[in-house]
Amino acid sequence: MKICVLGAGVIGVSTAYMLARQGHDVSVIDKGMDVASGASHANGAQLSYSYVDPFASPSALRKLPAYLAGIDPAIKFGVSLKADYLKWGVSFLSECTSKRYLKNLQARTALAALSCETMSLIESDLATAAIARTGVGKIVLASTAAEYEQMKKTSAGRADQTCLNIDECIAVEPSLSSWSKAIYGGLFAKDDSALDPTVYCQTLKTALVDNFDATFHFGQTIQDIQTASHNQIIIKTDRADHSCEAVVICLGNDPRKLLKKLDMSLPIYPMQGYSLTLNAIGTSPKTSITDLQNKIVFANLGDKIRIAGFLDANQNPNGAKARGQQLLKIAREVWPNAADFDGPVQHWTHFRPMMPSGVPVIGATKIPGVYVNVGHGSLGYTFAAGSAMKIAKDIGHAFKNSHTQMRRAQ
Ligand SMILES: Cc1cc2nc3c(=O)[nH]c(=O)nc-3n(C[C@H](O)[C@H](O)[C@H](O)COP(=O)(O)OP(=O)(O)OC[C@H]3O[C@@H](n4cnc5c(N)ncnc54)[C@H](O)[C@@H]3O)c2cc1C
């Protein structure tokens, strides 16, 4: 079947790969000039399969006044009367109950497990050092005694997580001995890792072109999707029309305009984050580290260290540089030996496509042949492989069913 994948970020490229692997004829369209030009480009690089707590939770609800007042250094929700934001906000509030939190956590845990499995499949398919993961395991640090006690409870009986005391954390990642703030312990996940997301997308692009004859159309802005006769779908861009039998929308932060034209709406809202890429030094961590207190992640990319964090909504675009500097200041304060803070720093900022529930939307739409794979929020890279596997299975089943029906009709 001829399938167009719209968007060449981690979600689009992974989707294209899993579809091509199933034998479909795949084209990828993106307005950027290469893969990973959007939210995927320089994200935190963590493949965080074991720690997937949704943001919407009773605890986030308690902290909401601080987020709205701008007094939490890591999360700032600007006040805005934009209809999309208000709609998102109302839905977010309804997702913050314990019941919804647990339901969303369950859905994310299942997707993370599928992603971990699928990522191993992709790695063994490609067997290339280019996508060898760099960070080995991950520790989520507990900066209060209460957080540590909670971690002991949540990790009990789980094979993928071990709760470590402070000495055990340092035994796993010796450079944590120079962490400047209080640590009570941490959750260690051996299957979590790090990998540069741009390198991941580039490697999959090469495999798609070389092994599966897939086509990439860059520099084309998608404007509309039209259904034609004989199960044909036309993708209209500013430079060309592309015809296909099925289409998967993987447009990150931007699917809403297109979905509106198809009479659909999803409450995806862009929330800004920031990253820094610095040179690694002898004392840089090998293990990925998540600092829950400051909402900062550290990942080892070989000769570089990626630091990412913060979650902002509706901030003044002119304030992005200052937020990047603030991230640098906090990261340096908490972990001065993590990277070469006196050397060059590459700053980057982009938006996470956030659903209020934290659960991405993956599957068929009411229009035959049109699928979505969107709304992956803060963990889109982690969820990419599993989301791609899921949509490829859905399309595979639909394709099989339509052929069975055609044969019966003949
Ligand atoms: C600071 C930061 C740190 C993060 N850290 C992590 C992390 O450590 N681990 C993790 O799992 N996740 C992380 N994330 C989240 C993750 O990066 C995102 O969820 C993920 O990149 C979303 O991927 P995507 O493919 O949906 O979107 P994108 O990468 O944005 O891809 C969408 C593509 O669609 C294209 N596009 C949009 N509109 C059009 C149009 N009309 N026509 C043509 N093309 C179009 C864009 O050019 C873009 O290339 C982080 C995000 C940020 C911002």
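The structure reproduced in this document is the subject of the present report. (Residues numbered from 1 in each chain as written. Predicted model: local features only at pLDDT ≥ 70, side-chain atom pairs only at ≥ 80, totals over all residues. Heavy atoms only, no water.)

### With respect to the pairing of strand β2 (residues 25–29)
Selection criterion: For the exposure calls, accessible area comes from a 1.4 Å probe over protein chains only, and a residue counts as buried if that area is under 20% of its type's maximum, exposed if over 50%, partly exposed in between. A run of H or I in DSSP becomes a helix once it reaches four residues, and a run of E becomes a strand once it reaches two; helices and strands are each numbered from the N terminus. A clockwise course of the path from the first strand over the helix to the second, judged with the strands pointing away from the viewer, identifies a crossover as right-handed. Only when DSSP finds a minimum of two bridges between them are two strands counted as paired.
Buried residues dominate β2, accounting for four of its five residues. Handedness of the crossover joining strand β1 (residues 2–6) and β2 through helix α1 (residues 10–21): right-handed. Two elements, β2 and strand β8 (residues 215–217), share three bridges in a ladder whose sense is parallel. The partner of Val 28 across the bridge, within β8, is Phe 216.

### Some words on the nonpolar core
Inside soluble globular proteins, nonpolar side chains tend to come together where they are buried. Formally: Think of a nonpolar core as a cluster: buried Ala, Val, Leu, Ile, Met, Phe, Trp, Tyr and Cys residues, connected wherever their side-chain atoms sit within 4.5 Å. Any two residues whose heavy atoms approach within 4.5 Å at even a single point are treated as in contact.
Tyr 17, Leu 19, Ile 122, Tyr 200, Leu 208 and Val 248 are the most contacted members of the largest nonpolar core, which has 51 residues in total. At the level of secondary structure, the elements contributing two or more residues to this core comprise β1, α1, β2, α4 (98–126), α7 (197–212), β12 (246–249) and α10 (380–409). In contact with Leu 208, other than residues within four places in its own chain, are Val 13, Ala 16, Tyr 17, Ala 20, Asp 213, Ala 214 and Phe 216. Core analysis: the next-biggest nonpolar cluster, separate from the first, contains 43 residues, Ala 74, Phe 92, Ala 313 and Trp 335 among them.

### Notes on the site of the ligand
Operational definition: Here a residue is considered near a molecule or strand provided that any single heavy atom belonging to it is located within 4 Å of it. Think of a polar contact as two N or O atoms within 3.5 Å of one another; within protein, one of them needs to be a possible hydrogen donor and the other a possible acceptor, and neighboring residues in sequence only count if both atoms come from side chains. Under the grouping applied here, Gly and all other residues not named as nonpolar or charged are polar, the nonpolar ones being Ala, Val, Leu, Ile, Met, Phe, Trp, Tyr, Cys and Pro and the charged ones Asp, Glu, Lys and Arg.
As a structural note, the neighbourhood of the ligand is formed by 34 residues, with Asp 30, Ser 40, Ile 222, Gly 377 and Thr 382 the closest of them. A distance of 2.8 Å separates a nitrogen atom of the ligand from a polar atom in the backbone of Ile 222. The contact in question runs from an oxygen atom of the ligand to an N or O atom on the backbone of Gly 377, over 2.7 Å. Contributing elements (two or more residues each) for the shell around the ligand: α1, β13 (269–279), β17 (345–354) and α10. Residue composition of the shell around the ligand, grouped by class: 13 nonpolar, 17 polar and four charged.

### Focus: the packing of α1 against α7
For the record, the criterion: In this analysis, axes come from line fits to C-alpha atoms, helices being fitted only over the stretch in contact, and the angle between any two N-to-C directions falls in the range 0 to 180 degrees. The cut-offs work like this: below 35 degrees is roughly parallel, past 145 is roughly antiparallel, 65 to 115 is roughly perpendicular, and the gaps in between are oblique. In a left-handed crossing the near helix is turned counterclockwise from the far helix by less than a right angle, and in a right-handed crossing that turn is clockwise.
It is the contact of α1 with α7, at a shortest axis distance of 10 Å, that shows an interaxial angle of 30°. Classified by the angle their axes make, α1 and α7 are roughly parallel. Between α1 and α7 the crossing geometry is left-handed. Note on element contacts: α7 touches α1 through Pro 197, Tyr 200, Cys 201, Leu 204, Lys 205, Ala 207, Leu 208 and Phe 212, opposite Val 10, Val 13, Ser 14, Ala 16, Tyr 17, Ala 20 and Arg 21. In the contact of α1 with α7, the residues fall into twelve nonpolar, one polar and two charged.

### Looking at the sheet that holds β8
Strand order across the open sheet formed by six strands is β8-β2-β1-β12-β19-β18, with mixed pairing between neighbours. Whereas interior strands pair on both sides, the edge strands pair on one side only; in this sheet they are β8 and β18 (361–364). Neighbour to neighbour, the strand axes of the sheet diverge by 20° on average, direction disregarded.

### Observations concerning the state of the cysteines
Every disulfide links exactly two cysteines, by a covalent bond between their sulfur atoms. Applied cut-off: Only a pair of cysteine sulfur atoms within 2.5 Å counts as a disulfide in this structure description.
Counted under the stated rule, the structure contains zero disulfides. Left unpaired, Cys 116 is separated from the closest cysteine sulfur, that of Cys 201, by 18 Å. Here Cys 116 falls in the buried class, since its relative accessible area comes to 18%. Here Cys 244 is not cross-linked by a disulfide; its sulfur's nearest cysteine counterpart is in Cys 4, at 3.9 Å. For Cys 244, a relative accessible area of 1% translates into the label buried.

### Here we look at helix α3 (residues 83–94)
Selection rule: Multiplying 1.5 Å by the helix residue count minus one yields the expected span of that helix. As used here, the arc is the angular range of directions from the helix axis to the C-beta atoms.
With twelve residues, α3 extends 17 Å from end C-alpha to end C-alpha; this agrees with the ideal 16 Å at 1.5 Å per step. Those residues of α3 that fall on the buried side of the exposure criterion are Tyr 85, Trp 88 and Phe 92. Across the axial projection of α3, the buried residues extend over an arc of 65°, all falling on one side. Residues of α3 that are exposed and angled more than 90 degrees away from the buried face: Ala 83, Lys 87 and Val 90.

### Description of the pattern of salt bridges
Defined as follows: A side-chain nitrogen of Lys or Arg and a carboxyl oxygen of Asp or Glu constitute a salt bridge if their distance falls within 4 Å.
Under the criterion given, the structure shown has 14 salt bridges. Ionic pairing is found between Asp 160 and Arg 158, a salt bridge with its closest N-O pair at 2.8 Å. Taking the relative accessible area as the measure of exposure, Arg 158 reaches 31% and is therefore partly exposed. Where Lys 236 meets Asp 241, a salt bridge forms, and the shortest distance between an N and an O atom there is 2.8 Å. Lys 236 gets classed as partly exposed once you look at its relative accessible area, which sits at 26%. Among the residues examined, Asp 241 registers a relative accessible area of 46% and is labelled partly exposed.

### Side note on the packing of α4 against α7
Taken N-terminus to C-terminus, the directions of α4 and α7 make an angle of 55°; their axes are 12 Å apart at the nearest point. Of the possible angle classes, the one that applies to α4 and α7 is oblique. For the crossing formed where α4 meets α7, the hand is left-handed. Each of Met 119, Ile 122 and Leu 126 in α4 lies in contact with α7, whose residues at this interface are Tyr 200, Thr 203, Leu 204 and Ala 207. When the residues that make up the contact of α4 with α7 are grouped by side-chain class, the tally is six nonpolar, one polar and no charged.

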